[in-house]
Amino acid sequence: MKHCLVTGGAGFIGSHLVEKLLGQGNRVSAIDDESTGSIDNLAEALKCPRFHYTKGSVADGDLVRQALADADEVYHLAAAVGVELIARCPIRTIETNIYPTELILAELSRRHEAGDRVKLFLASSSEVYGKNPKSCWDEEDDLVLGSTARARWSYGASKAIDEFLALAYWRQKRLPVVVARFFNVVGPRQSGAYGMVLPRFVEAALTGEKLLVHDDGQQVRCFAHVADVVDTAVELMATPGAAGRVFNVGSDQPISILDLAKKVVGQTDSRSPIEFIRYAEAYSDDFEDCRHRVPRLDRLQATVKHRPRFTLDETIAAVIDAKRRELGR
Ligand SMILES: NC(=O)c1ccc[n+]([C@@H]2O[C@H](COP(=O)([O-])OP(=O)(O)OC[C@H]3O[C@@H](n4cnc5c(N)ncnc54)[C@H](O)[C@@H]3O)[C@@H](O)[C@H]2O)c1
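(A) Layout of the nonpolar core. Counting 81 residues, the largest nonpolar core has V74, F121, A180, F201 and A233 as its most contacted members. Among the elements that line this core, the one with the most residues is helix 7 (residues 226–237), at seven residues. When sequence neighbours within four positions are dropped, the list of residues in contact with A233 reads L17, Y75, F121 and A180. Formed by eight residues, the second largest nonpolar core is a distinct cluster that contains Y129, W153, A160 and V294.

In structure tokens:
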């Protein structure tokens, strides 16, 4: 039985990953400080005797060393996430996203030198591409981050440092790492509290509130169902040729945010109005967004067999169902 460690395991993606790994018969441990995640997300997992949960921070060196001591595989997902959180708390974003990755890599390297080959999955983000103006991004594209005076870019920059460091450990020490740049991931359990657009729209539509679309709503994004993303992550980890490489992970089906809002209103039969607000009102005067975010998935599709099982409409329907249950409507 393999022992998998998931950091950020009480989070949105982390909790689905924990369930997937348990479903495969693995022993699974999770660490989470519950800063944006919740133990409620692990209600199913906690029923399984092969699951062990620790509430704590991945910045705690002793805890990380102890948790990594007998892990066979590590999925590092713990991070400060969400545009709103990043704009509000840039110190927390930078510190949470860089130091624990350093700590985990150093500890895995120590085990590697002692003869234990433990693979690391690093959850990175499409934010590392910044505002690259290309219509479709592939993994070799330049990172075009904005000014350091704009806190928003600290998230992409911190994830880019994580990637550089993980790839350096691969290059210099042959520590096996797989880097996944997640594009927008959505699904049941995602919280709208930190700026995530789909859960916010769905909650507004179900409660009769306005759906607030930032700017002109013509920003383009691709939304992938969390189950597809988790399946891809696990398959990448099981693929020897994925080590030492970076992969775009997500959907490549673009939609504008305004069209997403209209779809949510349509699929919920809601009478909620759609209204526009300026970025300055939503975040701050210096907020800068990325207009177009679409991945090229050629490298991923040449490496793994998994293909998305959920269309966007099915994905939105799953979020609506989950939110209805949560709100009791
Ligand atoms: N959801 C997306 O669309 C998306 C897109 C790109 C990248 N990602 C990446 O995927 C990963 C998971 O994101 P998510 O969407 O599930 O967000 P999430 O906020 O639900 O998950 C992050 C988890 O990390 C935990 N955490 C934060 N700081 C911690 C610390 N110091 N110690 C222990 N736990 C800590 C949080 O409590 C939370 O449970 C993150 O690394 C994120 O950057 C997500």
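(B) Local environment of the environment of K159. Following the sequence through the fold, K159 ends up in helix 5 (residues 153–173). On the basis of neighbour counts, which here come to 26 C-beta atoms within 10 Å, the residue K159 falls in the buried class. In the structure, K159 is positioned 36 residues away from A123 in sequence and 8.5 Å away in space, judged by C-alpha atoms. Excluding its chain neighbours within four sequence positions, the residues that come into contact with K159 are N97, S124, S125, E127 and V128.

(C) Here's a closer look at the sheet that holds strand 2 (residues 27–32). The sheet built from seven strands is open, its strands ordered 3-2-1-4-5-6-10 with parallel pairing. Lying at the two open borders of the sheet, with one neighbouring strand each, are strand 3 (51–55) and strand 10 (245–249). On average, each strand axis in the sheet is inclined to that of its neighbour by 20°, with strand direction left out of account. The pairing of strand 2 with strand 3 spans five bridges and is parallel. Bridging across to strand 3, I31 finds its partner in T54. On the sheet, helix 2 (residues 61–68) packs against strand 1 (3–7), strand 2, strand 3 and strand 4 (73–76) and is oriented at approximately 170° with respect to strand 2.

(D) Structural context of the sheet that holds strand 11 (residues 254–256). On the basis of which strands lie adjacent, the open sheet formed by three strands has the order 7-9-11 and mixed pairing. A strand with exactly one partner marks an edge of an open sheet, and here the two such strands are strand 7 (184–186) and strand 11. Each adjacent strand pair in this sheet contributes to an overall mean axis angle of 50°, direction not counted. Both strand 7 and strand 9 (residues 220–225) contribute to a ladder of three bridges, which runs parallel. Bridge assignment links N184 to a residue of strand 9, and that residue is F223. Strands strand 7 and strand 9 of the sheet are contacted by helix 7, whose axis makes an angle of about 75° with strand 9. Taken strand by strand, helix 8 (residues 257–268) contacts strand 9 and strand 11, and its axis lies near 85° from that of strand 11.

Cut-offs applied
Residues numbered from 1 in each chain as written. Predicted model: local features only at pLDDT ≥ 70, side-chain atom pairs only at ≥ 80, totals over all residues. Core = buried A, V, L, I, M, F, W, Y, C linked by C-beta atoms within 7 Å. Buried ≥ 20, exposed ≤ 12 C-beta atoms within 10 Å, placed from the backbone. Helix = DSSP H or I, 4+ residues; strand = E, 2+ residues; numbered from the N terminus. Contact = placed C-beta atoms within 7 Å. Pairing = 2+ DSSP bridges. Axes fitted to C-alpha atoms, helices over the stretch in contact; angles between N-to-C directions.

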